[in-house]
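Read off the chains here:
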Amino acid sequence: MSLVRLKIKGISYSQTQNGAYALILNEVDGDRKLPIVIGAFEAQSIAIALEKEIKPPRPLTHDLFKNFADRFDIVIKQVIIHKLVDGVFYSSIICERDKIEEIIDARTSDAIALALRFNAPIFTYKTILDKAGIFLKFTSKESEKEENDDSIMVDEILQEGETVEIDQGASDAFTELTIDELNKELEKAVANEDYEKAAKLRDEISKRN
């Protein structure tokens with residue numbers, strides 16, 4: 001079976017289902033998206049790995065695993081999403097130590113959080129993408145904003161099986177703040193380990209610069 005390389009398109013949260021997040025993977029050489037529903041902790045950990053500017057004051061679980069692996073010369077070579085059963089994705093982490101490869105089963109969200117920290121490629125089989133991959137549908141207005149959109153509403157994934165990509169932007173409260181106030185709020189959010197808020201603040205700061 002042929003492997004298809006994936007990249008992370010973005011993460012979004014459900015406004016109707018508490019604790020539900022969607023991780024959207026995009027095939028590198030195509031337009032199909034692979035939506036995977038994940039938990040809040042895993043969404044936070046993946047978001048932190050994507051947001052290079054945000055550094056937690058203490059290591060998260062996946063950061064701890066990375067530090068442990070580095071200490072013992074363990075490298076994650078790649079992650080493969082190898083099975084889809086009843087809507088649940090199964091993944092394997094391909095590790096190497098002393099030129100010996102090992103395959104470890106993992107939840108897909110954990111595997112991707114670790115792949116980001118090791119800069120390891122993410123793959124799935126073509127058969128899985130054929131079965132679960134989707135094409136996003138845009139209105140003409142949404143198409144114009146596609147390059148700036150980085151989140152997908154999970155509610156459509158959970159309820160309808162298809163997604164519409166939108167630009168969530170910053171909250172009204174953030175748009176009222178000055179750059180100095182935004183930076184102070186960002187420091188406070190990181191100190192309180194509120195990384196979802198920190199990511200939104202960082203996005204608003206980036207828009208001003």
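Above this text you will find the structure in question.
Remember, predicted model here, so these are calculated numbers, not experimental data. (Residues numbered from 1 in each chain as written. Predicted model: local features only at pLDDT ≥ 70, side-chain atom pairs only at ≥ 80, totals over all residues. Heavy atoms only, no water.)

Draft legend 1. The pairing of strand 3 (residues 33-38), seen in detail. Burial analysis of strand 3 places five of its six residues in the buried class, which makes it a mostly covered element. As judged from the six bridges shared by strand 2 (residues 21-27) and strand 3, these two strands associate in the antiparallel manner. Each residue of the ladder has a partner; that of Leu23, found in strand 3, is Ile36. Here strand 2 folds back onto strand 3 in antiparallel fashion, the turn holding five residues. (Buried < 20%, exposed > 50% of the residue type's maximum accessible area, 1.4 Å probe, protein only. Helix = DSSP H or I, 4+ residues; strand = E, 2+ residues; numbered from the N terminus. Pairing = 2+ DSSP bridges.)

Draft legend 2. Main features of helix 2 (residues 61-71). Residues His62, Lys66 and Ala69 constitute the buried set of helix 2. When helix 2 is viewed along its axis, its buried side chains cluster within an angular range of 65 degrees and face the same direction. Of the residues in helix 2, the exposed ones pointing more than 90 degrees away from the buried face are Thr61, Leu64 and Arg71. Where the residues of helix 2 are buried, they touch helix 1 (40-50) and helix 3 (108-118). Following helix 2 by one or two positions, Asp73 adopts a phi angle in the positive range, close to 55 degrees. (Arc of directions from axis to C-beta. Contact = heavy atoms within 4.5 Å.)

Draft legend 3. Highlighting the pattern of salt bridges. Enumeration over the complete set of coordinates arrives at nine salt bridges. The residue Asp130 makes a salt bridge to Lys126 at a minimum N-O spacing of 3.0 Å. Remark: Lys126 and Asp130 occur in helix 4 (residues 126-132); sequence separation between them is four residues, near one turn of the helix. Residue Lys188 is joined to Glu185 by a salt bridge in which the shortest nitrogen-to-oxygen separation is 3.4 Å. One end of the pair is Lys188 and the other is Glu185, both in helix 8 (residues 179-191) and three residues apart, which spans about a single turn. (Salt bridge = Lys/Arg side-chain N within 4 Å of Asp/Glu carboxyl O.)

Draft legend 4. Region of interest: the sheet that holds strand 2. Overall, mixed pairing links the seven strands, which are arranged 3-2-1-7-4-5-6 in an open sheet. The open sheet is flanked by strand 3 and strand 6 (100-107), the only strands paired with a single partner. For this sheet, the mean inter-axis angle between neighbouring strands, taken without regard to orientation, is 35 degrees. The sheet contact formed by strand 4 (residues 75-85) and strand 5 (residues 88-97) spans nine bridges and is antiparallel. Among the inter-strand pairings, Val79 is bridged to a residue of strand 5, identified as Ile93. (Axes fitted to C-alpha atoms, helices over the stretch in contact; angles between N-to-C directions.)

Draft legend 5. The arrangement of helix 8 in detail. The end-to-end C-alpha distance of helix 8 is 18 Å, a good match for the 18 Å that 13 residues give at a rise of 1.5 Å each. Leu182, Leu186, Ala189 and Val190 are the residues of helix 8 that are buried. On an axial view of helix 8, the arc spanned by its buried residues comes to 95 degrees, and they lie on one face. Projecting away from the buried face of helix 8 at angles above 90 degrees are the exposed residues Asp180, Lys184, Glu187 and Ala191. (Expected span 1.5 Å × (residues − 1).)

Draft legend 6. Layout of the packing of helix 1 against helix 3. It is at 9 Å that the axes of helix 1 and helix 3 come closest, and there the two elements cross at 15 degrees. If you check the angle between helix 1 and helix 3, you find them roughly parallel. The hand of the helix 1/helix 3 crossing is left-handed. From helix 1, Glu42, Ser45, Ile46, Ile48, Ala49 and Leu50 reach across to helix 3, where they touch Ser109, Asp110, Ile112, Ala113, Leu116 and Arg117. Here the residues of the contact of helix 1 with helix 3 sort into seven nonpolar, two polar and three charged. (Parallel < 35°, antiparallel > 145°, perpendicular 65-115°, else oblique. Left-handed = near helix turned anticlockwise from the far one by under 90°. Nonpolar A, V, L, I, M, F, W, Y, C, P; charged D, E, K, R; others polar.)

Draft legend 7. Layout of the packing of aromatic side chains. By the definition in use, this model includes one aromatic pair. Where Phe68 meets Phe72, the ring centres are 4.9 Å apart and the plane angle is 40 degrees; that geometry is what we call tilted. Owing to a relative accessible area of 40%, Phe72 belongs among the partly exposed residues under this scheme. The ring of Tyr90 is capped by Lys83, whose NZ or CZ atom sits 4.6 Å from the centre of that ring. (Phe/Tyr/Trp six-rings, centres within 6.5 Å; stacked < 30°, edge-to-face > 60°. Lys NZ or Arg CZ within 6 Å of the ring centre and 35° of its normal.)

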